[in-house]
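# Commentary on secondary and tertiary structure
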Amino acid sequence: MSLVFFNTLTRQKEEFVPIESGKVKMYTCGPTVYDYPHIGNYRTFLFEDLLRRYLKYKGFQVTQVMNLTDIDDKIIIGSQKKGISLDEYTAPYKKIFFEDLNTLNAEASEFYPEATKHIKEMVKIIKKLLGKKHAYEIEGSIYFKISTFPEYGKLSKMNLEELKVGTRVKADEYEKEQVSDFALWKAWDEKDGDIFWETEIGKGRPGWHIECSAMSMKYLGEYFDIHTGGVDNIFPHHENEIAQSQCATGKKFVNFWLHAEHLLVDNKRMAKRYGNFYTLRDLLDKGWYPMAIRYLLLSTYYRQQLNFTLEGLEAAKNSLQRIFDFSDQLETIEKEGKNPQAERLVISAKEKFEAGLDDDLNVSIGLAAIFDLIYEVNKLLRENQVSKTDAQLILNQMDSFDKVLGYLKKPEESLDDKAVQLVERREKARQDKDWQLADKIRKQLLEMGIILEDTSAGTKWKKKI
Ligand code: AMP
Ligand code: ZN
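What counts and how
- Residues numbered from 1 in each chain as written.
- Chains lettered and ligands numbered in written order.
- Predicted model: local features only at pLDDT ≥ 70, side-chain atom pairs only at ≥ 80, totals over all residues.
- Heavy atoms only, no water.
- Near = heavy atom within 4 Å.
- Polar contact = N/O pair within 3.5 Å; in protein donor to acceptor, adjacent residues only side chain to side chain.
- Areas by Shrake-Rupley, 256 points an atom, 1.4 Å probe, with all protein chains shown as cover.
- Helix = DSSP H or I, 4+ residues; strand = E, 2+ residues; numbered from the N terminus.
- Nonpolar A, V, L, I, M, F, W, Y, C, P; charged D, E, K, R; others polar.
- Salt bridge = Lys/Arg side-chain N within 4 Å of Asp/Glu carboxyl O.
- Buried < 20%, exposed > 50% of the residue type's maximum accessible area, 1.4 Å probe, protein only.

## Some details on the site of ligand 1
If you check the shell around ligand 1, you find 16 residues, and the closest are G40, T44, D232, L263 and M270. Interatomic distance of 2.6 Å between a side-chain N/O atom of D232 and an oxygen atom of ligand 1. In the environment of ligand 1, a nitrogen atom lies 2.8 Å from a nitrogen or oxygen atom belonging to the backbone of L263. Alone, ligand 1 offers 490 Å² of accessible surface; in the complex the protein occludes 91% of this. Ranked by residue count, the leading element in the shell around ligand 1 is helix 1 (residues 39-57), at four residues. When the residues that make up the shell around ligand 1 are grouped by side-chain class, the tally is four nonpolar, nine polar and three charged.

Below, the structure written as structure tokens:
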């Protein structure tokens, strides 16, 4: 089956065919580095990771660009409050973002351009827009004139005639009701203090939207395959990106626009401004296992809203534990021979997994395929019908699924010195037939998150996730 994506631009599922055969160029709107991101942000970033990984799984060579927005109103206010420079203010948040991506096992993009390092490229586009009369200047600020672009509103499906089109808006984020000419360049004023760039188009700073046009075109060219973000990016951010890019180049900007639905809390969007958010570190500090968070954020089809609860996270953790237990058990099998049923189950799971992901990354179907496989193989395991060769085949298939999902593999584990000593003391107690002491130590280890299993091949330990 071919790979299809739901394209926000056409509101249809369309077969994905890249512009250049075998290669995919994609741009993802990255974080505004003014604070710790919340896990809603990571839902979108992990959806983009899933997209990237699945494209690679399908054999495409992916070039992904994720920008860092390191200049905007919030950043200016934050740095001024602290009395430090823009760079000093954003540097720790950039670091935190990369650490979080790593913790969540997101693959690195090929490029992470920063807005403040691409002012020249932005100015160049703005000059082009001025030259072609798609932009105009008022009091040193430069605005894009939306009436010069008849396609304006196509992405967000707005009917401009029905809307009260406002005059101008300087803010980067605004509601549909306020549809207006938007700022490409904001003239310096006192509030900006020493934050400005002295350029050919004046003293000031760029608007948010122009950043993404400049950085995407620099690294991917004027016309590329996929642009992604969260649904809140559709309007005005992506609508404006299309307008300014296409007017500057005279070309189509992007073929596929993919947008992730929001993570909710109590049925309201998780957002800083509502105060209903968890950062990744909030959850890690409470002892949550990072891959359970990844699992939860990726377990629902990206175009469906996902309501975040701690119960949901607990369920995600338990599902993951089931997967780890399954793999652990397969690794211990020594039985000889080959059961053709195992191969049939693997082929069918692979087909179902790929059919789900080919259909606009429907990960729920992909996961169902994995859990069906686990269920059926567990039945065979109970009947001792799985050989070492079969187990290897199944484990290899799990590895292949994990290339896409990135959470199926338990990381290497080790015990600290104290735990090693306790395990040894318990082993000794068992040899001495001191069952009471052995039991006491087992409980002590369990409190430390270490589970002991006494098997015919000796005592094994594993960590609770
Ligand atoms: P920001 O740092 O605010 O620019 O947001 C970074 C990304 O997170 C953007 O792509 C947003 O669309 C996305 N985003 C913001 N809030 C949520 C949420 N509650 N659920 C999912 N994605 C979100
Ligand atoms: Zn963007």
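## Looking at the pattern of salt bridges
One pass over the structure, following the stated rule, counts 41 salt bridges. Among the salt bridges present, the one from K94 reaches D70, with a minimum N-O distance of 3.0 Å. Pair noted here: K94 is in helix 3 (residues 86-103) and D70 is in the loop between strand 4 (61-66) and helix 2 (73-82), with a separation of 24 residues, a long-range link. A salt bridge links K127 to E200; the shortest N-O distance between them is 2.4 Å. With a gap of 73 residues between them, K127 in helix 4 (residues 119-131) and E200 in the loop between strand 9 (197-199) and strand 10 (202-206) connect regions that are remote in the sequence. Exposure remark for K127: the relative accessible area of 39% places this residue in the partly exposed category. Through salt bridges that share partners, D73, D172, K186, D192 and R205 make up one connected network.

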